[in-house]
Amino acid sequence: DWVMSDHVEEAIARIREQVGDEEVILGLSGGVDSSVAAALIHRAIGDQLTCVFVDHGLLRLHEGDMVMEMFEGKLHAKVIRVDASELFLSKLAGVSEPEQKRKIIGGLFVDVFKAEAAKLKQAGGGHKGASFLAQGTIYPDVIESGGKKAVTIKSHHNVGGLPEQLGLKLLEPLRDLFKDEVRELGVALGLPHAMVYRHPFPGPGLGVRILGEVKKEYADLLRRADAIFIEELRACIDEKTGKSWYDMTSQAFTVFLPVKSVGVMGDGRTYDYVVALRAVQTSDFMTADWAELPYTLLKKVSSRIINEVRGINRVTYDVSSKPPATIEWE
Ligand code: XMP
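Worth saying up front: this structure is predicted, and the values here are computed from it rather than measured. (Residues numbered from 1 in each chain as written. Predicted model: local features only at pLDDT ≥ 70, side-chain atom pairs only at ≥ 80, totals over all residues.)

**Considering the nonpolar core**
Nonpolar side chains in soluble globular proteins tend to be buried together. Ranked by size, the top nonpolar core spans 80 residues in total, and within it Val24, Leu26, Val36, Ile41 and Cys51 carry the most contacts. Sorting elements by how many residues they give to this core places helix H2 (residues 32-45) first, with nine residues. Among the domains, domain 1 (2-196) and domain 2 (209-317) are the pair contributing at least three residues each to this core. Dropping the residues within four chain positions of it, Ile41 is found in contact with Ile15, Val24, Leu26, Leu49, Ala134 and Pro173. (Core = buried A, V, L, I, M, F, W, Y, C linked by C-beta atoms within 7 Å. Buried ≥ 20, exposed ≤ 12 C-beta atoms within 10 Å, placed from the backbone. Helix = DSSP H or I, 4+ residues; strand = E, 2+ residues; numbered from the N terminus. Domains from an automatic or database assignment. Contact = placed C-beta atoms within 7 Å.)

**Let's talk about the site of the ligand**
With respect to spatial proximity, 16 residues lie near the ligand, and among them Pro202, Gly203, Thr326, Ile327 and Glu328 are the closest. Classifying every residue of the shell around the ligand gives seven nonpolar, five polar and four charged. (Near = placed C-beta within 6 Å. Nonpolar A, V, L, I, M, F, W, Y, C, P; charged D, E, K, R; others polar.)

**Quick word on the UniProt feature "binding site: ATP" (unreviewed entry) in the protein**
Within this numbering scheme, the UniProt entry marks Ser29, Gly30, Gly31, Val32, Asp33, Ser34 and Ser35 as carrying the feature "binding site: ATP" (unreviewed entry). In this fold, Gly31 is placed in the loop between strand S1 (24-28) and H2. Given 18 C-beta atoms within 10 Å, Gly31 falls into the partly exposed group. Exposure remark for Val32: the 23 C-beta atoms within 10 Å place this residue in the buried category. Filtering out sequence-adjacent residues up to four positions away, Val32 remains in contact with Val182, Arg183, Gly186, Val196 and Arg198. (UniProt positions renumbered as here; feature names shortened; annotations may be inferred.)

**Description of the pairing of strand S3 (residues 78-83)**
Bridge count between strand S2 (residues 49-55) and S3: six bridges; the pairing is parallel. By the bridge assignment, Cys51 is partnered in S3 with Val79. One crossover worth recording links S2 to the parallel S3 by way of helix H3 (residues 63-74), and it is right-handed. (Pairing = 2+ DSSP bridges. Right-handed = clockwise from strand over helix to strand, strands pointing away.)

**Brief notes about helix H5 (residues 98-123)**
Look at H5: 37 Å from first C-alpha to last across 26 residues, which is about the 38 Å you get at 1.5 Å a residue. Those residues of H5 not exposed but buried are Lys101, Arg102, Ile105, Phe109, Phe113, Ala117 and Leu120. Among the structural elements, S1, S2, helix H4 (85-92) and helix H7 (162-166) are those in contact with the buried residues of H5. (Expected span 1.5 Å × (residues − 1).)

**Quick notes on the sheet that holds S3**
The five strands are arranged S3-S2-S1-S4-S5 in an open sheet whose pairing can be described as parallel. Strand pairing shows two members of the sheet lacking a second neighbour, S3 and strand S5 (169-171), which therefore form its edges. Strand-to-strand twist across the sheet, computed as the mean angle between neighbouring axes with direction ignored, equals 25°. (Axes fitted to C-alpha atoms, helices over the stretch in contact; angles between N-to-C directions.)

**Some points on the domain arrangement of the protein**
Along its sequence, the protein is organised into domain 1 (2-196) and domain 2 (209-317). Taken together, the residues of the side of domain 1 that touches domain 2 sort by class into five nonpolar, three polar and two charged.

**Thoughts on the packing of H2 against helix H8 (residues 179-188)**
At a closest axis distance of 9 Å, the pairing of H2 and H8 adopts a crossing angle of 45°. In terms of their interaxial angle, H2 and H8 are classed as oblique. Judged by the twist between their axes, the crossing of H2 over H8 is left-handed. Across the interface between the two elements, Val32, Asp33, Ser35, Val36, Ala39 and Leu40 of H2 pack against Val182, Arg183, Leu185 and Gly186 of H8. Across the contact of H2 with H8, the residue classes tally to six nonpolar, two polar and two charged. (Parallel < 35°, antiparallel > 145°, perpendicular 65-115°, else oblique. Left-handed = near helix turned anticlockwise from the far one by under 90°.)

Pasting the structure below:
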């Protein structure tokens, strides 16, 4: 629509004016906000933007490849992909407390990002190093960090203080926008609907969806189970609304429970891990109801996971609302 395209032109002009001929660095996560910010800034200044995509090994199935395909392949943006999965997994070994896991993941993220920014500066070849750090901060983030909450239930990992540490100026082109507007902007910039309307994914990724200690074996099982759940949610269309159950829910994912239960398969006994499916509906993520997914959908997801993911022999559905439960299990 013309209002949005006006907004795009205006935003592009503002970015060009602010950046001039300097270089910008941006941490790309694959989430909606950083993706839209990257696409917008790339449209404005092209190769003056370098995206750094840190793969912490706790992403969803094929997520890293999809991010690269979109930004490097389709948009032709400069993207540095850092495979830091071994580093993250080694520092997480033996750690099971959720907040401690969040701190480790958030801290390593900053370290890896800083190291990449420093490398760019040394690389030479005409690259004088970035003078701007771009972030996909949106208006609700601005308000949230202003108001102090009395109790921190979960420390949401953000890169607060990073620009100062790096000696960079901030570029936040989405600062005045609400989530819906960010999504519309993403569509106007040509990002695919499925990317722009993706459910939120926490910064620590599967790190907080594997209960207790994070292990590569668990992450690999969880990724495959979760991909099946999401695929079936997208494929299942609700007759009343004509929408998929993916679009009918605000957030849906699979949680890995590191406990074993007994099952039977063919003539044999199995003793394997359990996963929980979680799907919620919410308008603000402060309160949430568990989604009344169709039984036929649950049945299909459960049988596919147990048949296709060797190592998981039991699937449960989480029927807890927030409060008193939270959306994530950690
Ligand atoms: P809870 O579990 O607190 O989740 O009900 C509310 C929303 O916040 C997301 N969440 C996180 N996002 N870093 C993030 O970036 C985190 O550490 C984190 N923990 C929870 C969660 O996915 C949900 O959308």
